[in-house]
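Each chain, letter by letter, is given below.
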Amino acid sequence: MNEGLVTEQLTANVTRFCEALICPDERSYFYLVEGREIDCLIDSGWGLGWSLADLPRDAVKPLIAVATHSHYDHIGRFFEATERLGHQTEAELFSSCDAVDKQAFPYLDDRKALADGGTLTRESYQIPASPLTGLLSDGDAIELGSARLEIVHTPGHSPGSLSLIEDASGLLFCADTVHDGHIHDDIPGADRRALLASHQRLLERKVVLVCPGHGSVMDAAAFQKRIAEYAVSVDLAKDNGRV
Ligand SMILES: [Zn+2]
Ligand SMILES: [Zn+2]
């Protein structure tokens, strides 16, 4: 096991990761879902200090990598996968090797993003292009043998944001669409109304354990509370003339 990966076993076949090199406040989380025949990696962090070969899994099995969206903090090792799936509306961004297209900059300019207090510069932090090898649409499913991940298109944080649901266990992977920190809805490509609608769609699903791209794993009650809080914050913004 590579010590660049911080690992947490969530269930018998789901592992959650983040990256030791990244400052705790900036870390993103990504997930390995192991199936009997195929494994699925949902996102791949900033891509620093590890590689796909370090994932604790049976490497004889094929690996499908899904990117929930094209932001720099979720697609760091996406380029390494041979099967790379995402939503069509962000296909051009995945193909780009410009870190600005992945929204790394200007956000990271002068930001102490590394655990040692260091910064990433436009020269030092380059994200290879990772063109999609296949497209995922709302209602698609990824069959792993003993597990089945359904795709839900949940635009709002970004136009091609995807969530994945494993109905049998009630696991939801929702990346930046719902998490317990600030939900970015004012960045290029974001759409508050679409995000509210996506939240409503996710609320219709029976969830037991919610696995976000940032912050803590949530139970159903915490998930519903966070969505309600977000809706209130948007209403307040409306009152202030911002929506
Ligand atoms: Zn994002
Ligand atoms: Zn993120």
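No experiment lies behind these values; they were computed from the predicted model shown.

## Some remarks on the coordination of the zinc ion (ligand 2)
Here comes step 1: For the zinc ion (ligand 2), every protein donor is listed as Asp73 (OD), His74 (NE2), Asp176 (OD) and His214 (NE2), and the spread of their distances is 2.1 to 2.3 Å.
Here comes step 2: Taken together, the four donor atoms coordinating the zinc ion (ligand 2) span angles of 91 to 154° at the metal, a pattern that classifies the geometry as irregular.
Here comes step 3: If you list the donors of the zinc ion (ligand 2) from N- to C-terminus, the spacing comes out as D-H-x101-D-x37-H.
Here comes step 4: Taken as a pair, the zinc ion (ligand 2) and the zinc ion (ligand 1) lie 3.5 Å from each other and share Asp176 as a ligand. Of this pair, Asp73 sits in the loop between β5 (63–66) and β6 (83–86) while His214 is found in the loop between β12 (209–212) and β13 (218–219), placing the two residues 141 residues apart along the sequence.

## A few points about the sheet that holds strand β11 (residues 171–175)
Here comes step 1: If you walk across this open sheet you meet the six strands as β8-β9-β10-β11-β12-β13, and the pairing is mixed. The open sheet is flanked by β8 (141–143) and β13, the only strands paired with a single partner.
Here comes step 2: Examined bridge by bridge, β11 and β12 share four bridges and lie parallel to one another. The residue bridging Leu171 from the neighbouring strand is Leu209, located in β12.
Here comes step 3: Set on the sheet, helix α2 (residues 192–203) makes contact with β9 (148–153), β10 (162–166) and β11; between it and β9 the angle comes to about 150°.

## Here's the deal with unusual backbone geometry
Here comes step 1: Backbone torsion omega between Phe105 and Pro106 reads 10°, so that peptide bond is classified as cis.
Here comes step 2: Considering the arrangement of structural elements, one finds Pro106 in the loop between α1 (91–95) and β7 (134–135).
Here comes step 3: You will see that Asp110, though not glycine, has its phi angle at about 65°, which is positive.
Here comes step 4: With respect to the helices and strands, the residue Asp110 is situated in the loop between α1 and β7.
Here comes step 5: On the basis of relative accessible area, Asp110 is assigned to the exposed category, the value being 74%.
Here comes step 6: Unlike most non-glycine residues, Ala175 shows phi in positive territory, near 45°.
Here comes step 7: Take Ala175: it is sitting in strand β11.
Here comes step 8: Given the relative accessible area of 5%, Ala175 is considered buried.

## Here we look at the sheet that holds strand β4 (residues 39–42)
Here comes step 1: Taken together, the seven strands give an open sheet; going across it, the order is β1-β2-β3-β4-β5-β6-β7, and neighbouring strands pair in mixed fashion. Strands at the two margins of the open sheet, each flanked by one partner only, are β1 (5–11) and β7.
Here comes step 2: Summarising the sheet, strand β2 (residues 14–19) and strand β3 (residues 30–34) pair through four bridges and their orientation is antiparallel. Within the sheet, the bridge partner assigned to Arg16 lies in β3 and is Tyr31.

## Things to note about the pairing of β1
A regular strand places its side chains on the two faces of the sheet in alternate fashion.
Here comes step 1: Bridge count for β1 against β2 is six bridges, and the pairing is antiparallel. Bridge assignment links Gln9 to a residue of β2, and that residue is Thr15.

Cut-offs and rules
- Residues numbered from 1 in each chain as written.
- Chains lettered and ligands numbered in written order.
- Predicted model: local features only at pLDDT ≥ 70, side-chain atom pairs only at ≥ 80, totals over all residues.
- Heavy atoms only, no water.
- Donors = N, O, S within 2.8 Å, 3.2 Å for Na, K, Ca; no water.
- Tetrahedral: all angles 85-135°; square planar, octahedral: opposite > 155°, others 65-115°.
- Helix = DSSP H or I, 4+ residues; strand = E, 2+ residues; numbered from the N terminus.
- Pairing = 2+ DSSP bridges.
- Contact = heavy atoms within 4.5 Å.
- Axes fitted to C-alpha atoms, helices over the stretch in contact; angles between N-to-C directions.
- Buried < 20%, exposed > 50% of the residue type's maximum accessible area, 1.4 Å probe, protein only.

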